[in-house]
Amino acid sequence: MLKNKRKQRGIKEFLLVLPFIFLVALFSYYPLYGWLYAFYDYKPPKTLQQSEFVGLKWFVTIVSNKVKTREVLRVLRNTFAMSGLSLAFSWFPMIFAVFLNEIKCVPFKKFVQTVTTLPNFISWVLVYSIAYSIFCSTGAINSVLMNAGLIDKPIMFLQSTKGIWFKQWLWLTWKNAGWASIMYLAAISGIDEQLNEAARVDGASRWQVIWHITVPSLLPTYFVLVMISLANFLTNGMEQYYVFSNSFNKETIEVLDLYVYNTAMGAGGYSVSTAVSMLKTFVSMVLLFASNSASKLIRGEGFI
Amino acid sequence: MAKKAKTQKGSNGVHYKMGWSERMMMIITYFVYSIFAFVCFYPFYYILINSISNNDLSARGKVLFIPLEIHFNNFVSVAKINGLLQAATVSLGRTVIGATLTVITAGFLGFMFTRDTMWGRKFWYRFVVATMYFNAGIIPWYLTMRNLHLTNNFWGYIFPLVVQPFNIILCKTFVESTPKALQEAAEIDGAGTLTVFFKVILPIIKPILATVAIFAAVGQWNAFQDTLLLVTTPKLYTLQFVLYQYITQANSLKAIINSQMSTESIAASLAHSQTQTSIRMTVTIVVVAPIMCVYPFFQRYFTSGIMIGAVKG
């Protein structure tokens, strides 16, 4: 009797959740059927049924068609460069937090934290608008340099491909570093004060406290974040690179996500673009499970 | 030597001595963080002072640190641009409606996924959370949206973002930290599941709902990619999209300025007549202003949000 009632309640609760599960199925699972397009020669006005089934043609094209292969390799190089730079400098938010924590003037610390977190909350379009205002041919930097007579012609910061990967990393860091450091600051405030006190009583200098107590206690957090960025190695998102791309730099700024978009929406290659993004998803899945297992192996717990 | 060294109060109240290398370190630290703060803050300030300064001086790059000959004509002109008010309405609409639905959903599902009684609770929780880790890709997603008639449709901005797994995890973790006895007491009094949610849970999870609200609202306000993919009718353009067009398509901006000139150039003095730069910067300020306004109030919620997310991401 009581069990029956419990069961009834369980079903009722499920029915309450059902509409939301339907939404998830519709917008996250149902689109997976779209992978079928990778096996057809799909051209927009036609429907999938009217399109010709071509099997693995598009996947083969990626490795056998010389032009396509070169394109994909170029895009992969850009992706590896951008993700590699992020990974190589992934310690930056941690160090940012460590030294910010050393500042004892609370208003200054709060101010720095507030101001450096702000860019995280604006869109890439706004970041580009800011970049444009400061760095375009009539922007702040060029005005200052021209007025001072240091240059006669404006420098084309946004068009030049010189150090573009690094420049893009700088924008990414400008936007995210302050926000990323919040997690480390919270972790620092969780460090047992007695450890610090004991070290100081024993005569440790500030450097020694940072090096032997603060940094080691942040390493687990750092490790997890590195594992997550490894899992996302191929996923840079397209927004940043889309807004910053122009006809001068498009060769070197095009990352995998942007390439998928450009191939489909720009050139109409829906099928080949879907094939590329499918491959990307598979590799990303492998990376995700690999880094999760690595995390389990080393830390005893995964992050999924 | 040790006597001369300055003492400073440590964070835990212990006084300890600073040697010269430590004092050096602190000077460099303050200096470097001042630079960081400047680099993050100045661009916003630069655009603000240029949007309210004499447009002629601004165009010649004379406005760098203090606004010159302040006027607000740019904002008046921007308000008159065709389509900008419409874009603001769309942006505001999607932010308010989208964020509201996301918050209610996150709170409700976060609560429901803690109910042991629910049929298939564990499975459905995983079913929802798994979507954080895979993605069909933008082309299949676009084709799906087209099949559902959500392209060139305002609801295309809303429906896909209603269920957000990360926010559900935040709420679920929070609900789990509240005493179960509260729910049990209500149930003994005969309250149903929905009554428990609205009368017991909702009032106590307000802090986490505030966090979710700010994440969801900022996400909706900043969204750009969905307009790019789904929308071709200018009626549904968002502020972000319009701003991007102003930056990249100088021609569209020129057309706007010319159409304004013909009606207003007589009234407006030459110095205050709008240039491409002034319009662009003013629109930037309009788009960034809402974020700037809510940001200080919600800042304290971020840390709690990001920390819960870190524990159970």
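Residues numbered from 1 in each chain as written. Chains lettered and ligands numbered in written order. Predicted model: local features only at pLDDT ≥ 70, side-chain atom pairs only at ≥ 80, totals over all residues.

A. Spatial organisation of the overall build of chain A. Scanning chain A from N- to C-terminus turns up 14 helices and two strands. A globule of 304 residues ought to have a C-alpha radius of gyration of about 19 Å, yet chain A, at 25 Å, is considerably larger. The principal-axis extents of the C-alpha atoms in chain A amount to approximately 85 × 80 × 35 Å. A total of 304 residues make up chain A; the buried ones form 32% of that total. Here the contacts in chain A between residues at least 6 apart in sequence split such that 64% fall between residues at least 24 apart. (Helix = DSSP H or I, 4+ residues; strand = E, 2+ residues; numbered from the N terminus. Rg over C-alpha atoms; globule rule 2.2 N^0.38 Å. Buried ≥ 20, exposed ≤ 12 C-beta atoms within 10 Å, placed from the backbone. Contact = placed C-beta atoms within 7 Å.)

B. Representation of the interface of chain A and chain B in the model. Opposite the 76 residues of chain A that make contact, chain B presents 73 residues. Looking at the side of chain A that touches chain B, its residues break down into 47 nonpolar, 18 polar and eleven charged. (Nonpolar A, V, L, I, M, F, W, Y, C, P; charged D, E, K, R; others polar.)

C. Summary view of the nonpolar core. Judged by nonpolar contacts, the single largest core of 105 residues is most densely connected at Tyr 128 of chain A together with Cys 171, Val 212 and Leu 243 of chain B. What Tyr 128 of chain A contacts, discounting residues up to four positions off in sequence, is Val 243 and Phe 244 of chain A together with Ile 247 of chain B. Phe 96, Ala 177, Ala 180 and Ile 188 of chain A belong to the second largest nonpolar core, which has 14 residues in total. (Core = buried A, V, L, I, M, F, W, Y, C linked by C-beta atoms within 7 Å.)

D. Seen up close, the environment of Ile 253 of chain A. Residues and elements named next belong to chain A. In this fold, Ile 253 is placed in helix α12 (residues 250–253). C-alpha of Ile 253 to C-alpha of Gly 266: the two residues are 13 residues apart in sequence and 16 Å apart in space. Residues in contact with Ile 253, not counting those within four places in the same chain, are Asn 78, Ile 164, Gln 168, Tyr 241, Phe 244 and Ser 245.

E. Geometry of the confidence of the model for chain B. Residue and element names in this part refer to chain B. Looking at chain B, the pLDDT average stands at 83 and 83% of residues meet or exceed 70. Per-residue pLDDT, averaged within each element of chain B, yields its smallest value for strand β1 (residues 7–9) (46) and its largest for helix α4 (residues 84–112) (95). Note that pLDDT drops below 50 for residues 1–14; the model gives that stretch 20 contacts with residues more than four away or on any other chain. Predicted complex, confidence summary: ipTM 0.88, pTM 0.88. (pLDDT = per-residue confidence, 0-100.)

F. View of the packing of helix α2 (residues 57–64) of chain A against helix α14 (residues 270–299) of chain A. Residues and elements named next belong to chain A. Packing of α2 against α14 leaves a shortest axis separation of 9 Å and a crossing angle of 75°. What the angle tells us is that α2 and α14 run roughly perpendicular. Contacts from Trp 58, Phe 59, Thr 61 and Ile 62 of α2 reach α14 at Ser 271, Val 272, Ala 275 and Val 276. (Axes fitted to C-alpha atoms, helices over the stretch in contact; angles between N-to-C directions. Parallel < 35°, antiparallel > 145°, perpendicular 65-115°, else oblique.)

G. Main features of the packing of α4 of chain B against helix α7 (residues 165–176) of chain B. Residue and element names in this part refer to chain B. Where α4 meets α7, the closest approach of the two axes is 7 Å, and the angle between their N-to-C directions is 50°. Classed by the angle they form, the pair α4 and α7 counts as oblique. Crossing geometry of α4 relative to α7 is assigned as right-handed. For the pair α4 and α7, the contacting residues are Thr 102, Ala 106, Gly 107, Leu 109, Gly 110 and Phe 111 in the first and Asn 167, Ile 168, Cys 171, Lys 172, Phe 174 and Val 175 in the second. Its residues assigned to classes, the contact of α4 with α7 comprises seven nonpolar, four polar and one charged. (Left-handed = near helix turned anticlockwise from the far one by under 90°.)

H. Representation of the environment of Ala 231 of chain A in the model. Relative to the helices and strands, Ala 231 of chain A is located in helix α10 (residues 206–231). In this view, Ala 231 of chain A contacts Leu 287, Leu 288 and Ser 291 of chain A; residues no more than four positions away in its chain are not counted.

I. How the structure looks around unusual backbone geometry. Residues and elements named next belong to chain B. The phi torsion at Glu 69 lies on the positive side, around 50°, for a residue other than glycine. Structurally, the position occupied by Glu 69 is in the loop between α2 (55–59) and α3 (73–80). Given 14 C-beta atoms within a 10 Å radius, Glu 69 is considered partly exposed. The phi angle at His 149 is positive, at roughly 60°, despite the residue not being glycine. Secondary-structure assignment places His 149 in the loop between α6 (138–147) and α7.

J. Region of interest: the environment of Ser 133 of chain A. Inspection of the secondary structure assignment puts Ser 133 of chain A in helix α6 (residues 124–135). Sequence separation between Ser 133 of chain A and Thr 116 of chain A is 17 residues, and the spatial gap between their C-alpha atoms is 19 Å. Residues within four places of Ser 133 of chain A in sequence aside, it is in contact with Gly 139 and Ala 140 of chain A together with Tyr 46, Ile 47 and Met 281 of chain B.

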